[in-house]
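Structural characterization, general
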Amino acid sequence: MPRLIGDRIILREYCKEDLKFMRQWCNDPEIVDNLSDIFLFPHTVNGTEQYLNSILEGNTEQKGFVIAHKDTEEYIGQIDLFRIDWKNRSTELGIVIGIKEYLGNGYGTEAIKILQDFVFNRLNLNRLQLEVHDFNERAYRCYLKCGFKEEGRLREKNFVNGRYSDTIYMGILKREYEELNKQ
């Protein structure tokens, strides 16, 4: 995949050097409690390295990018596409800002907007969707800002930190993206 360039960040390919940055967040409850249950148990160094190698070797259906600082190309997080459905022209988005100093500074918003352009204008997909926990208010606001609409909710689907939480399903269609980005 090509590198995608934004104002402050680039979306670039994964590389071996990203392992040390991925290890900074993959067992941090403040980060992973907002993600899927694949982070329910601690991740070993070997496990994280195997995951990264599967991406580097192309042994996964997941396609994506590292979110990196534009000037240094240093890892900030990652944004990936899952379950690309070429027939129905849809895919699912997953994102994590793994370096805490970058949280809440608009890097996720910028990464999503860059990826939306790629999904709708380069891959010619029609639908981009995601899931978010109801307690992850920062992410929810970011997704709304990027044009996603709440499409449904599975009540008390997840048990996180001693309580049940809803899973919110959100999506954006190509025509909605185009309407938001008229110039």
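Structure's up top.
Let us look at the structure shown here. (Residues numbered from 1 in each chain as written. Predicted model: local features only at pLDDT ≥ 70, side-chain atom pairs only at ≥ 80, totals over all residues. Heavy atoms only, no water.)

**What about the overall build of the chain?**
The following threshold applies: For helices the rule is a DSSP run of H or I covering at least 4 residues; for strands it is a run of E covering at least 2, with both sets numbered from the N terminus onward. The globule rule is 2.2 Å times the number of residues to the power 0.38, and the radius of gyration it is compared with is taken over C-alpha atoms. Whether a residue is buried, partly exposed or exposed follows from its accessible area with a 1.4 Å probe, protein chains only, as a fraction of its type maximum: under 20%, in between, or over 50%, in that order. Note on contacts: a residue pair qualifies if any of its non-hydrogen atoms lie within 4.5 Å across the two residues. With residues, only the protein chains shown are counted as cover, and all accessible areas are computed by Shrake-Rupley using a 1.4 Å probe. Within this scheme the basic residues Lys and Arg register as positive and the acidic residues Asp and Glu register as negative, but His and the chain ends are omitted. Think of each charge as sitting on NZ of Lys, CZ of Arg, CG of Asp or CD of Glu.
A tally of helices and strands in the chain yields six helices and eight strands. Reading the secondary structure of the chain in the N-to-C direction produces β-β-α-α-α-β-β-β-α-β-α-β-β-α. By the compact-globule yardstick of 16 Å for 183 residues, the chain fits well, its C-alpha radius of gyration being 16 Å. Overall size of the chain, expressed as C-alpha extent along the three principal axes, is 45 × 40 × 35 Å. Expressed as a percentage of its 183 residues, the buried residues of the chain come to 46%. Sequence separation of 24 or more characterises 62% of the internal contacts of the chain that already satisfy a separation of 6 or more. As displayed, the chain offers around 10,400 Å² of accessible surface, 47% of which is attributable to carbon and sulfur atoms. Averaging the coordinates of the 26 positive side-chain charges in the chain and doing the same for the 30 negative ones gives two points 4 Å apart.

**Side note on unusual backbone geometry**
The backbone of R83 sits at a positive phi, close to 50 degrees, despite the residue not being glycine. Given a relative accessible area of 57%, R83 falls into the exposed group. Its identity as a non-glycine residue notwithstanding, N161 has a phi of 50 degrees, on the positive side. Within the element layout of this structure, N161 appears in the loop between β7 (149-160) and β8 (163-173). The exposure class assigned to N161 is exposed, which follows from its relative accessible area of 65%.

**Re the packing of aromatic side chains**
Inclusion rule: A pair of Phe, Tyr and Trp rings is counted when the ring centres sit within 6.5 Å of each other, with Trp represented by its six-membered ring. The angle between the planes then sorts it: under 30 degrees is stacked, over 60 is edge-to-face, the rest tilted. Placement of a charge over a ring requires the Lys NZ or Arg CZ to be within 6 Å of the ring centre, with the centre-to-atom vector within 35 degrees of the ring normal.
A complete count under the given rule lists six aromatic pairs for this structure. Between Y102 and Y107, the ring centres sit 5.0 Å apart and the planes meet at 90 degrees, which makes this aromatic pair edge-to-face. As far as burial versus exposure is concerned, Y102 and Y107 are alike and both buried. A cation over a ring is seen here: R8 above Y107, with NZ or CZ 3.9 Å from the ring centre.

**Digging into the state of the cysteines**
Where we set the bar: When two cysteine sulfur atoms are found within 2.5 Å, that pair is recorded as a disulfide.
In total, this model carries zero disulfides according to the counting rule given. Lacking any disulfide linkage, C142 is separated from the closest cysteine sulfur, that of C146, by 4.4 Å. Among the residues examined, C142 registers a relative accessible area of 13% and is labelled buried.

**A few points about the pattern of salt bridges**
Rules: We define a salt bridge as a side-chain nitrogen of Lys or Arg found within 4 Å of a carboxyl oxygen belonging to Asp or Glu.
By the definition in use, this model includes 10 salt bridges. Here E110 makes a salt bridge to R8, at a shortest N to O gap of 3.3 Å. Pair noted here: E110 is in helix α4 (residues 107-122) and R8 is in the loop between β1 (4-5) and β2 (9-12), with a separation of 102 residues, a long-range link. Residue R8 is classed as partly exposed on the basis of its relative accessible area of 31%. Between R127 and E151 there is a salt bridge; the shortest N-O distance is 2.5 Å. You can see R127 sitting in strand β6 (residues 127-133) and its partner E151 sitting in strand β7, a full 24 residues away along the chain. Residue classification places E151 among the partly exposed residues on the basis of a relative accessible area of 43%. Beyond isolated ion pairs, a larger network of salt bridges with shared partners links R3, E13 and E73.

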